Amino acid sequence: MGAMIVKDTYTGSDSTDATSRAPDFGPTPVSTSSTYLIQSNQLTNANANPGGATYHALAYECGTPNVDITAQMTNEDGGGEGTYDLWYLVARWVDGDNFFQLGLGETLHLYRLVSGAATLIGDEAVSFTDGNTYTVRLVVRGDQFLCYLDGDLIYSVADSTFIDATEHGVQIDANVTAISTLDNLVIRGSLSPAMMLML
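Below is a short write-up of the structure. If you're wondering where the values come from, they're calculated on a predicted model, not measured in any experiment.

### With respect to the packing of aromatic side chains
Consideration 1: In total, this model carries five aromatic pairs according to the counting rule given.
Consideration 2: Ring plane angle 45° and centroid distance 4.5 Å describe the contact between Phe-100 and Phe-145, whose orientation is recorded as tilted. One end of the pair, Phe-100, is in strand S9 (residues 98–104); the other, Phe-145, is in strand S13 (residues 144–149), and 45 residues separate them in sequence.
Consideration 3: Consider the rings of Phe-100 and Phe-162, whose centres lie 5.7 Å apart with planes at 75°: the pair is edge-to-face.

This is how it looks when you write it as structure tokens:
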């Protein structure tokens, strides 16, 4: 595995702003307008509608575009399985209109946003139940994106957009309140493409 860049177990007092405290390891994250809070030592979102014309994320400056991002997501949307993709892993964040996001609902799907327009570049049906906790992983190196769920490689795609962007992190869906959680974020430097395909 690559060297650790960020480890955040979101430990802290309830209602603490995630940007006001240092993670377990790595740089303090920044948020673009939306408020991400610690609750029961997990990450939630205080803004009922952080989406819109420009999206918001909790981003960490990692110093490299090539990363291996893992987090545990517990999605409870109250509207049936797959109604919303509540949490996303975010890669190569440039700003609120330009980045990649890997979301989990009834499918594990990867979007590329350019000037605010989203394009689906990867999508695969997975077993998903509201309220269960899943480990989602996104490995990015060069133009390769590898998408995992609970340790299994679901698919890989190639895309060279934003190939030099070095901020990565997490994001909440635009349509939900703070009823879902994310925990145990780890961002590492990613391995070479040949080694990635052996994982």
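### Focus on the sheet that holds strand S10 (residues 107–114)
Consideration 1: With antiparallel pairing, seven strands are arranged side by side in an open sheet as S3-S6-S15-S8-S9-S10-S11. Every other strand in the sheet has two partners, leaving strand S3 (30–31) and strand S11 (117–125) as the edge strands with one partner each.
Consideration 2: Of the pairings in the sheet, the one linking S9 to S10 comprises six bridges and is antiparallel in character. Looking across to S10, one finds that Leu-102 is bridged to Leu-110.

### Brief notes about unusual backbone geometry
Consideration 1: Despite not being glycine, Tyr-10 has its phi angle at roughly 55°, a positive value.
Consideration 2: As for its position among the elements, Tyr-10 is in the loop between strand S1 (4–8) and strand S2 (16–17).
Consideration 3: On the basis of relative accessible area, Tyr-10 is assigned to the buried category, the value being 0%.
Consideration 4: At Ser-15, a position not held by glycine, the phi torsion is positive, near 75°.
Consideration 5: When you line up the elements, Ser-15 lands in the loop between S1 and S2.

### Details of the side chain of Asp-8
Consideration 1: Within the secondary structure, Asp-8 sits in strand S1.
Consideration 2: On the accessibility criterion, Asp-8 (0% relative accessible area) is buried.
Consideration 3: A polar side-chain atom of Asp-8 sits 3.0 Å from the main-chain amide nitrogen of Tyr-10.
Consideration 4: One polar contact links Asp-8 to Arg-21, side chain to side chain, over a distance of 2.6 Å.
Consideration 5: Those residues in contact with Asp-8, other than ones at most four positions away along the chain, are Arg-21, Pro-23, Asp-24, Tyr-60, Asn-184 and Leu-185.

### Re the pattern of salt bridges
Consideration 1: Taken as a whole and assessed by the stated rule, the structure comprises three salt bridges.
Consideration 2: For Asp-8, the salt bridge identified is with Arg-21, shortest N-O distance 2.6 Å. Taken together, the residues Asp-8 in strand S1 and Arg-21 in the loop between S2 and S3 connect sequence positions 13 residues apart.
Consideration 3: A relative accessible area of 14% places Arg-21 in the buried class.
Consideration 4: Between Asp-68 and Arg-137 there is a salt bridge, with its nearest N and O atoms 2.7 Å apart.

### Some points on the pairing of strand S4 (residues 36–39)
Consideration 1: As defined by bridge partners, S2 adjoins S4 across two bridges and the pair is classed as antiparallel. Looking across to S4, one finds that Asp-17 is bridged to Leu-37.
Consideration 2: Relative to strand S5 (residues 42–45), S4 is paired through four bridges, and the arrangement is antiparallel. Pairing of Tyr-36 across the sheet is with Asn-45, part of S5.
Consideration 3: Taking the residues between adjacent antiparallel strands as the criterion, S4 and S5 are bridged by two residues, where Ser-40 takes a positive phi near 50°.

The rules we used
Residues numbered from 1 in each chain as written. Predicted model: local features only at pLDDT ≥ 70, side-chain atom pairs only at ≥ 80, totals over all residues. Heavy atoms only, no water. Phe/Tyr/Trp six-rings, centres within 6.5 Å; stacked < 30°, edge-to-face > 60°. Helix = DSSP H or I, 4+ residues; strand = E, 2+ residues; numbered from the N terminus. Pairing = 2+ DSSP bridges. Buried < 20%, exposed > 50% of the residue type's maximum accessible area, 1.4 Å probe, protein only. Polar contact = N/O pair within 3.5 Å; in protein donor to acceptor, adjacent residues only side chain to side chain. Contact = heavy atoms within 4.5 Å. Salt bridge = Lys/Arg side-chain N within 4 Å of Asp/Glu carboxyl O.

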